[in-house]
Amino acid sequence: MQVTVTTTYFGHAEQVSQEMYHWDTKGLWWPACDTEKANSSICAEFRILLRGSEPCKDEKAGGLVMSGADCMSPLEGGCLASELSFLLEPSDVIAVRDRPLMLDCRVQGEEPITVTWRKNGAPLPTSPQVQVLENGTLVIRSFQKRKEGSDADMGEYDCAAQNRYGMLVSRKAKVVLASLPKFHTHPLSMSVDEGGVARFQCEINGVPEANITWERERVALNTTDNRYTLLPMGILQVTGVRQVDAGVFRCVATNSANTRFSHEAMLKITGGAPRTYKEPVILSGPQNLTIIVHQTAILECIATGNPKPIVSWSRLDGRSIGVEGIQVLGTGNLMISDVSLQHSGVYVCAANRPGTRMRRTALGRLVVQAPPEILQWPQSVSRPAGGSAVFTCVAQGVPEPHLIWLKNGKVLMPGHNVKLTNNNSTLALTRISSEDEAIYQCIAENSAGTNQASARLAVAQDQELPGAPQGLAGSALSTTALQITWSQPPASGTDSIIGYVLHIRKIGDPDSLELQEAISKGSFQHDVANLEAATTYSLYLKAYSPLGASQQSHTVVTTTLGGVPASPTFFTKVVNSSAVQVLWELPSKAGRAEGFRLSYRRVPLADFQGPIQLPCHINAHTISTLDPGAVYELKLVAYNGNGESDCFKRLVSLAEEGVSDPATGGDSLCQCREGEASLGSIVIGIHIGTACIIFCVLFLMFGYRRSLFCSKGTQDSWSVPRDNTGLHGLKDGATRPGEELPPQVVCPAQYQVVIEQHLSGLPVFCASHQPGRSGPESAHHDTTGESQTTAAEPERSLAVPEIRESLSNFLLKPKDSARKDRLRPCC
């Protein structure tokens, strides 16, 4: 992230306007020093703040020059560095018996510096045989290998440098004796058809790795013949063999310790070139290989067949092998020079018969390892007694490096005030005392190597540090800028101050997103630009001296111009009869609201209680000790330095527990400052409910009266023919055929229901709609399904409610497969 600030280099008249400073969560990268001003105090004064080391003095320049590793040597007109660090560390060495051995160790830092050596973690005593030169180099005049392991010169060596600030330990250098034991794999004799492929192999473990060459008839092999391929791991391939290739072969291994010869192997050539077809065969495929970055990898693949197969390579994951650094040796061996981590993978060697899809494959895995690399170095700091310090060390490598911490050269274990977190990448020291003043080292180790980084902790007494800045205040200048001011410190404390650092963070953001700006020691007002509109920021200030930082000032909260926050939406949940929980949504972006204010009142009282002030990261609050069974009105507003948002209100009843429904909970968005809401909504709801009930009652009453009117005029139209036994026949008192029917009142639409007796003994209902007709005859189907025509018979009229009840009972009864109840239209 880039923040544009206007500042001055403290103590100087020239002003640097609109300098671009690059910020991250680790600190501030300052502009590079101008070489022409290398002896002036303009050059990187604030590096002291970031590195925490004491500056070095140059009396001729009359001020601060550089600090830490940035200090220049005396030859360049600067001063010696106070930070103890290594210029040259010892590296792994292969020693030769009876020859001298030298291990380098060069350091820089404040004098005097004492350099000592350790072997396998124990101090190495000096003697005429073992000496330490003035520049720290270790010299063993005649390297020896004793039969007794304790007397051998082989082992792990490291150097330790110490000055008044602490001790620093170098990486461990492995010192081994050059050796060349006997071959553990010898070449084997073989017979090969003319034109075929011959392969010999020998293996030997030498320190250092032996250089292997081949001889035929004890004469060095002619390597200019491209039919001969020599691979570094002791493999000889001969393609297209001829009669002249027959003979005795052996390999020769040579290193700084010795030269050895393998057993001899005979190569016989049989017959001529085969003319019969032979499928492709891979004689030797790639082997699994583990190497370190920048080394060379060779994957073997040799195939035979008739016709001669074509060898090709690919990766199992489908990625391209590439072309840079890739070379094919002989007829199919793959060589990758200067390997990188991207070359790791499974490689496939394929032998294809020309012109066909027939192929044979072999797989080999290449694992590329990388020694540890320090990505984030711990930074030297100065802390007051009783304070805390955090060192961070981030390393990467393949495989994943293991981290350990040293304090003045000794392994640091977690304790009462020492805490290791994040896989030991973070070291935290609490309740710092003078005993914690030391050099702390981060050691990263894996199977490919080691690396180290260091930082110093200086413990300063409170009286040596500047006091915290006083009177810090903030105000908004625009939608993107704030201005802060603070009081000028007393004259007694001004001399030790070299500058200030302003810490800026959006309200609601974690501390890791904090930004920092450097301010000149002569300034007591500062403008912060490139901010976001209508956003609330938290700011505090620290003063710095060469010994470290002061305590922080009090924190001020200031909002840029641009408006008030959006109105928050909230919901309520009745916890019990006297408590309700309020929940709301937080703004989507940090800093949009400084906090929330929650108020409530009991209905119908007019005055609200509160407000309850809540911070910006809280989104729930429980109001207790309310009156049981009462109705309360709640309102919530968000606020910032520009004012309050519109309020959001909700009614909640404590009569029943549950969550209020947005549809019926009484939400309202209002301008709370213009007046409070009334109970009008409740009254309107009651009136609407009462009107609905009255309407329903009237509808039922009119519907029932119409039914009674129709039933009076149509009783004779609802006929139920039956006899005394319940079968076909006429009831007593029914009208006989030929008799006249009495006058009837006919409704505009009438129905006739006939109840027939089913064979099963169950009645069958039959209804017909006969507008304007009440004839003496009716047609219906009997229970046998035959159509009959009967004259109008005397009928007993049934009241409409009785018919309605009979129909309902019949239609609602459960279905029975043995009973065929049916309702069909009358004929």
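For every chain, the first residue of the written sequence is number 1, and numbering continues from 1 along that sequence. Local features in a predicted model are, by the rule used here, given only for residues with pLDDT of at least 70; side-chain atom pairs are given and counted only at 80 or more, and totals for whole chains, interfaces and linings are based on all residues. In computing side-chain properties, one takes all heavy atoms of the structure into account and sets aside hydrogens as well as water.

Draft legend 1. Just the overall build of the protein, in detail. Strands are runs of DSSP state E lasting at least two residues, helices are runs of H or I lasting at least four, and both sets are numbered from the N terminus onward. Secondary structure assignment for the protein yields four helices and 65 strands. Residue burial is assigned from relative accessible area. The probe radius is 1.4 Å, only protein chains are included, and a residue is buried under 20% of its type maximum, exposed over 50%, and partly exposed in between. For the protein, with 827 residues in total, the buried portion stands at 41%. When checking whether two residues touch, look at their non-hydrogen atoms; a contact exists if any pair is within 4.5 Å. Within the protein, counting contacts between residues at least 6 apart in sequence, those at least 24 apart form 62% of the total. Per-residue accessibility takes into account occlusion by the displayed protein chains alone, with areas from the Shrake-Rupley method and a 1.4 Å probe. In the form shown here, the protein has an accessible surface area of approximately 44700 Å², with 53% of it arising from carbon and sulfur atoms.

Draft legend 2. Structural view of the sheet that holds strand 18 (residues 197-201). Should DSSP find at least two bridges between two strands, the strands are taken to pair. The three strands are arranged 18-22-21 in an open sheet whose pairing can be described as antiparallel. Edge strands, defined here as strands with exactly one partner in the open sheet, are strand 18 and strand 21 (228-231). Strand-to-strand, the axes of this sheet are offset by a mean angle of 15°, without reference to chain direction. In terms of strand pairing, strand 18 meets strand 22 (residues 235-239) through five bridges, oriented antiparallel. In the sheet register, Gln201 faces strand 22, and the bridge partner there is Ile235. Note on geometry: axes are C-alpha line fits, over the in-contact stretch for helices, and angles between N-to-C directions span 0 to 180 degrees.

Draft legend 3. Quick peek at the state of the cysteines. Pairs of cysteine sulfur atoms within 2.5 Å are identified as disulfides in what follows. Following the criterion strictly, the structure yields four disulfides and no others. A sulfur-sulfur distance of 2.0 Å marks the disulfide that ties Cys393 to Cys442. Taking the sign of the S-S torsion, -65° for the link of Cys393 and Cys442, the bridge is left-handed. You can see Cys393 sitting in the loop between strand 36 (389-392) and strand 37 (394-398) and its partner Cys442 sitting in strand 42 (residues 438-446), a full 49 residues away along the chain. The burial state of Cys393 is the same as that of Cys442; both residues are buried. Cys696 provides the cysteine sulfur closest to Cys692, a residue in no disulfide bond, and the two sulfurs are 6.7 Å apart.

Draft legend 4. Seen up close, unusual backbone geometry. Pro112 follows Glu111 through a cis peptide bond whose omega is 0°. Mapping Pro112 onto the fold places it in the loop between strand 9 (106-108) and strand 10 (114-119). Between Val207 and Pro208 the backbone carries a cis peptide bond, its omega angle lying at -5°. Look at Arg218: it is not a glycine, yet its phi comes out positive at around 60°. On the secondary structure map, Arg218 appears in the loop between strand 19 (211-216) and strand 20 (219-220).

Draft legend 5. The arrangement of the pairing of strand 52 (residues 570-576) in detail. Here strand 52 runs beside strand 53 (residues 579-584); their pairing, made up of six bridges, is antiparallel. Note that in strand 53 the partner of Phe571 across the bridge is Leu583. Between strand 52 and strand 53, which follow one another and run antiparallel, lie two residues.

Draft legend 6. Spatial organisation of the environment of Leu168. With respect to the helices and strands, Leu168 occurs in strand 15 (residues 166-169). Remark: the alpha-carbon pair of Leu168 and Asn408, spanning 240 residues in sequence, is separated by 6.0 Å. Excluding residues within four positions of it along the chain, Leu168 makes contact with Leu84, Ser85, Phe86, Cys159, Ala160, Ala161, Ile439, Gln441 and Ser454.

Draft legend 7. Broad picture of the sheet that holds strand 43 (residues 449-460). Read across the open sheet, the five strands follow the order 35-43-42-38-39; overall the sheet is mixed. A single partner strand is all that each edge strand has here, and the edge strands are strand 35 (381-384) and strand 39 (410-411). Taken together, the four bridges between strand 35 and strand 43 define a ladder with parallel strand orientation. The partner of Pro384 across the bridge, within strand 43, is Ala460.

Draft legend 8. Geometry of the pattern of salt bridges. By definition here, a salt bridge exists when the distance from a side-chain nitrogen of Lys or Arg to a carboxyl oxygen of Asp or Glu is within 4 Å. Under the definition given, this model contains 19 salt bridges. The salt bridge partner of Asp511 is Arg505, with a shortest N-O separation of 3.5 Å. With a shortest N-O distance of 2.5 Å, Arg602 and Asp627 are connected by a salt bridge. Taken together, the residues span a long stretch of sequence, with Arg602 in strand 54 (residues 595-602) and Asp627 in the loop between strand 56 (620-623) and strand 57 (631-640) at a distance of 25 residues. Look at Asp627 and you get partly exposed, because its relative accessible area is 32%. Because the salt bridges share partners, they merge into one network encompassing Asp225, Arg227 and Asp245.

Draft legend 9. Focus on the environment of Leu177. Tracing the backbone shows Leu177 in strand 16 (residues 173-177). Looking at Leu177, the relative accessible area reads 9%, which means it is buried. On a C-alpha basis, the gap between Leu177 and Ile94 in space is 5.7 Å, while along the polypeptide they are 83 residues apart. Residues within four places of Leu177 in sequence aside, it is in contact with Ile94, Ala95, Val96, Arg97, Phe143, Lys145, Met154 and Val207.

Draft legend 10. Spotlight on the side chain of Ser550. In this structure, Ser550 sits in the loop between strand 50 (548-549) and strand 51 (556-559). Taking the relative accessible area as the measure of exposure, Ser550 reaches 5% and is therefore buried. With near-sequence residues (within four places) excluded, Ser550 lies in contact with Pro466, Gly467, Ala468, Pro469, Lys542 and Ala543.

Draft legend 11. Fine view of the pairing of strand 54. For strand 54, the tally of buried residues reaches six of eight residues, placing the bulk of the element in the interior. Looking at chain direction, strand 54 and strand 55 (residues 609-615) are connected through five bridges and run antiparallel. Counted as the bridge partner of Phe596 is Leu614 from strand 55. In sequence, strand 54 turns back onto strand 55 through a hairpin of six residues.

Draft legend 12. Local environment of a nonpolar patch on the surface. Together, Ile693, Ile694, Val697, Leu698, Met701 and Phe702 make up a nonpolar patch on the protein surface, roughly 620 Å² of accessible area in all. With respect to the helices and strands, Leu698 occurs in helix 3 (residues 680-713). Residues enter patches when they are more than 30% accessible in relative terms and free of salt bridges; like-charged ones are connected within 9 Å and nonpolar ones (Val, Leu, Ile, Met, Phe, Trp, Tyr) within 5 Å.

Draft legend 13. Broad picture of the packing of aromatic side chains. Any two of the Phe, Tyr and Trp rings considered here, Trp counted by its six-membered ring, make a pair once their centres fall within 6.5 Å; the pair's planes then place it as stacked at under 30 degrees, edge-to-face at over 60, or tilted in between. Scanning the entire structure with this criterion turns up seven aromatic pairs. Residues Phe200 and Trp214 carry aromatic rings whose centres are separated by 6.3 Å and whose planes lie at 40° to one another, so their mutual orientation is tilted. Taken as a pair, Phe200 in strand 18 and Trp214 in strand 19 lie far apart in primary sequence, 14 residues in all. Each member of the pair, Phe200 as well as Trp214, carries the same accessibility label: buried. Seen in terms of ring centroids, Tyr600 and Tyr632 are 6.3 Å apart; in terms of plane orientation they differ by 55°. Their pairing is tilted. With Tyr600 in strand 54 and Tyr632 in strand 57, this pair connects stretches of sequence that are 32 residues apart.

Draft legend 14. Representation of the environment of Asp338. Along the polypeptide, Asp338 turns up in the loop between strand 32 (333-336) and strand 33 (345-352). The class for Asp338 is partly exposed, based on a relative accessible area of 47%. Spatially, the C-alpha atoms of Asp338 and Ala297 are 8.2 Å apart, while their sequence positions differ by 41 residues. Discounting chain neighbours no more than four positions away, the residues touching Asp338 are His294, Gln295, Thr296 and His343. A distance of 2.8 Å separates polar atoms of two side chains, one belonging to Asp338 and the other to His294. Any pair of N or O atoms that falls within 3.5 Å is considered a polar contact. Within protein, one atom must be able to donate a hydrogen and the other to accept it, and sequence-neighbouring residues count only if both atoms are side-chain atoms.

Draft legend 15. Focus on the confidence of the model for the protein. Mean pLDDT over the protein stands at 76; residues scoring 70 or higher make up 70%. Across the protein, strand 23 (residues 247-254) holds the top mean pLDDT of 96, while strand 5 (residues 63-67) sits lowest at 30. Within a predicted model, pLDDT stands for the predictor's per-residue confidence, ranging from 0 to 100. Scored below 50 in pLDDT, residues 1-81 shows 173 contacts in the model against residues more than four places distant or in partner chains. Here residues 712-800 is modelled with pLDDT under 50, and outside its nearest four sequence neighbours on either side it reaches 149 contacts, counting other chains as well.

Draft legend 16. Representation of the side chain of Ser170 in the model. Here Ser170 shows up in the loop between strand 15 and strand 16. Taking the relative accessible area as the measure of exposure, Ser170 reaches 4% and is therefore buried. Setting aside anything within four residues of it in sequence, one finds Ser170 in contact with Phe86, Glu89, Pro90, Asp158 and Cys159.

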